[in-house]
Amino acid sequence: MEMFGLQGFADRIRRLDVYKRVEDDFISTTVHGGAISILAVVFMVLLFLLEFGSYLAITNSTSIEIDDSLEGTFHINFDLNFPNLPCELASLDVSDVLHRHEVNVTKSIRMSRIDEKGRKIAKVMDTTIEHDAYFLPPDQNSDLKAKSLDNTNFDDEIKKYKIALVNYYAPWCGWSRRLAPIWERAAEEISQKPYGSDVLFARVDCTDQNYKTNAHKLCHRAHIPAFPWIVMYEHGETHSHRTYQGERKVESIVNAVEGALTMFISKEEEDVMLKKAQAEEQLAEEAHQHAEGEHTHTNAVSTVVKSDVHKMALEKAKNALLTWTRPLGCSLAGHLRVGRVPGNIHVSAHSLQHTVSDVALNVSHTIRQLTFSDADDEEEVKVRKAVATGKLAGRSFVSEEGNSTIEHYLKVVSVLHKPYKGKVAKAYEYSSSSHTFKSKEMAVAQFSFDLSPIQVVTQENSMPFYSFITSVCAILGGTFTVLGLLDGIVDKSLRSLKKKMELGKQN
């Protein structure tokens, strides 16, 4: 009974078999069937390899979502070069729609002087200028040592001297008034020096627009950005000059002049200086030295004096290079933490020791870097560099006219990057539009930004293993079935053709 029961169960299972086998005696092989089988195997292997490659690959998908993190703050990272704006005047200001307004932001900002090629040559630690104690203003009716220059005599007077120091000023400017007596005292002291005939102290009134004298034209030609502004012309050359970067003190100005002369001193003049210093030193020593050993001591003094004179000359020349500089621009680099609301950062000219001239102010600039970020986390910085780039990086914007504002409008979109493995990071991309216009007020370089409420989500995906297995089965089964149908069609066609050929022979 048990055997019959098991046999019946086995028969029921056998009836469910969908993979019915054909006896070997009823199987026939053909040439076309073999060729199609080889094609099926090649096709299956090729599709399997392609599918396996897709299984190993990481794909990216992009979607758009509402950004729910519009509160708080984020960073603006920048590196800006202003070739025509001195660091003494450069000021970075921040404002937004929530009435935040900060002027001359210095925290987390690195300010450096740059040359005409945009290379950073010196960091600016402090732009404060010290003055001498207040002197009474010079009597305009007295014999002033600083010569007044205008458009009628400027070039002729400059060419007469080895170096010419010119104070560009405005009579209504408080800082110009404070410098005037200091400038006169320095001129008087220099005139009493042996080299006084080689040095010209002069002044130019930048408000003089008389049709004959027109000193205002000189200030425009020299690109004077603020008052007072001291420059030095060398060897009668009026088309290039150096700018004074030192303190507004009589002693500082006199030392700067001596240092400037040291930079241009000839070998003959150095010998004269050396002999004079040796003679003065020898006279001073002879008053204190004893009679014996006089000759030996004098020779020793001569050697020491010569060494000291050279050291002094080198030191003065070194200081002069720092005090008298070619017109330099300014680089502003760093980051600012701002609110996630519409706002702007702008670079303009402010100074506590100058009165800025809006006529000659030039805010042309080159953007070396301009990006946005949430933090300075090392991992996020790497992702930020991969996902978002500064669209304005490397571009230059030139102001063709004086006192022209250059404005950039930036529409910022946050990008949320979700890697297959690792930390989720947020970066920012932006679109920009820029334009230049003649400003009625002081010119600025303005970067206005607005954060979009929409964020882009990029996600890395990998094919699940079950999808890979499903695809492999579909490839194998589908290829086998399709090529099996093809084999059947070919076999039936060949049989039909063969049959017709046989009937034709019989007829």
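What comes next is a walk through the structure. (Residues numbered from 1 in each chain as written. Predicted model: local features only at pLDDT ≥ 70, side-chain atom pairs only at ≥ 80, totals over all residues. Heavy atoms only, no water.)

### Let's talk about the overall build of the protein
Counting its secondary structure elements, the protein contains 10 helices and 21 strands. For the protein, the residues scored as buried account for 39% of the 507 residues in total. Of all intrachain contacts in the protein linking residues separated by at least 6 positions in sequence, the fraction that spans at least 24 positions is 83%. Carbon and sulfur atoms make up 56% of the accessible area of the protein, which amounts to about 30600 Å² in all. (Helix = DSSP H or I, 4+ residues; strand = E, 2+ residues; numbered from the N terminus. Buried < 20%, exposed > 50% of the residue type's maximum accessible area, 1.4 Å probe, protein only. Contact = heavy atoms within 4.5 Å. Areas by Shrake-Rupley, 256 points an atom, 1.4 Å probe, with all protein chains shown as cover.)

### Things to note about the state of the cysteines
All told, the structure shown has two disulfides when counted by the stated rule. In this model C87 forms its disulfide with C330; the gap between the sulfur atoms is 2.1 Å. On the S-S bond that ties C87 to C330, the torsion sits near 105°, and the link is right-handed. One end of the pair, C87, is in the loop between β2 (73-82) and β3 (90-96); the other, C330, is in strand β14 (residues 329-339), and 243 residues separate them in sequence. At a sulfur-sulfur separation of 1.9 Å, the disulfide partner of C206 is C219. What sets the handedness of the C206 and C219 disulfide is the S-S torsion sign, and at about -90° it is left-handed. Taken as a pair, C206 in the loop between β9 (199-205) and α5 (215-221) and C219 in helix α5 lie far apart in primary sequence, 13 residues in all. Comparing C206 with C219, the two get one shared label, buried. Should the bonded cysteines of the protein be numbered as they appear in the sequence, the pairing reads 1-4, 2-3. (Disulfide = S-S within 2.5 Å.)

### Concerning the pattern of salt bridges
In this structure the tally under the stated criterion is 15 salt bridges. Across the salt bridge formed by D79 and K120, the nearest N and O atoms sit 3.7 Å from each other. Of this pair, D79 sits in strand β2 while K120 sits in strand β6 (residues 120-123), and the two are 41 residues apart along the sequence. Ionic pairing is found between K147 and E157, a salt bridge with its closest N-O pair at 3.1 Å. Of this pair, K147 sits in strand β7 (residues 147-148) while E157 sits in helix α3 (residues 154-158), placing them 10 residues apart in sequence. (Salt bridge = Lys/Arg side-chain N within 4 Å of Asp/Glu carboxyl O.)

### Observations regarding the side chain of R248
Tracing the backbone through its elements, the reader meets R248 in the loop between β12 (242-244) and α6 (250-263). Buried and unpaired, R248 has no salt bridge, with E88 as the nearest side chain of opposite charge at 9.3 Å. Here Q353 takes part through its backbone oxygen, which lies 2.8 Å from a polar atom of the side chain of R248. At 2.9 Å, the side chain of R248 and the side chain of H354 are in polar contact. (Lys, Arg positive; Asp, Glu negative; His and termini not counted. Polar contact = N/O pair within 3.5 Å; in protein donor to acceptor, adjacent residues only side chain to side chain.)

### Comments concerning the sheet that holds β12
Sheet architecture is open: six strands sit in the order β7-β9-β8-β11-β12-β13, paired in mixed fashion. The strands lining the two open edges of the sheet, one partner per strand, are β7 and β13 (324-325). Packed on one face of the sheet, helix α4 (residues 174-191) meets β8 (163-169), β9 and β11 (229-234) and runs near 160° to β9. (Pairing = 2+ DSSP bridges. Axes fitted to C-alpha atoms, helices over the stretch in contact; angles between N-to-C directions.)

### Concerning the sheet that holds β6
Reading across the sheet, the six strands line up as β6-β5-β14-β2-β17-β18 and stay open at both edges, with antiparallel pairing between neighbours. Strands at the two margins of the open sheet, each flanked by one partner only, are β6 and β18 (395-397). Averaged over all neighbouring strand pairs, the angle between strand axes comes to 30°, with direction disregarded. Here β2 runs beside β14; their pairing, made up of 10 bridges, is antiparallel. Of the residues in β14, the one forming a bridge with D79 is A333.

### With respect to a nonpolar patch on the surface
A contiguous nonpolar patch, built from V41, V45, F48, L49, F52 and L56 and spanning about 550 Å² of accessible area, is present on the exposed surface. Within the secondary structure layout, V41 lies in helix α2 (residues 31-56). Residue class for V41 comes out exposed when judged on its relative accessible area of 51%. (Patch = residues over 30% accessible without salt bridge, like charges linked within 9 Å, V, L, I, M, F, W, Y side chains within 5 Å.)

### Overview of the packing of aromatic side chains
Applying the stated rule across the entire model yields 15 aromatic pairs. In this structure, R340 packs its charged tip against the face of F74, placed 5.6 Å from the ring centre. (Phe/Tyr/Trp six-rings, centres within 6.5 Å; stacked < 30°, edge-to-face > 60°. Lys NZ or Arg CZ within 6 Å of the ring centre and 35° of its normal.)

### Structural notes on the pairing of strand β17 (residues 365-373)
Bridge count between β2 and β17: seven bridges; the pairing is antiparallel. Residue pairing across strands places L80 opposite I367, the latter belonging to β17. Where β17 meets β18, three bridges bridge the pair, whose relative direction is antiparallel. Residue pairing across strands places T366 opposite S396, the latter belonging to β18.

### Some words on α4
Its 18 residues give α4 an end-to-end C-alpha distance of 26 Å, which sits within 8% of 26 Å, the value for a rise of 1.5 Å per residue. By the largest-angle criterion, A180 marks the main kink of α4, which is about 30°, and a proline, P181, follows within four residues. When α4 is considered as a whole, its buried residues turn out to be S176, L179, P181, I182, W183, E184, A186, A187 and I190. (Expected span 1.5 Å × (residues − 1). Bend = angle between axes of the 7 residues up to and from the residue.)

By themselves, these figures tell us nothing about what the structure is for.
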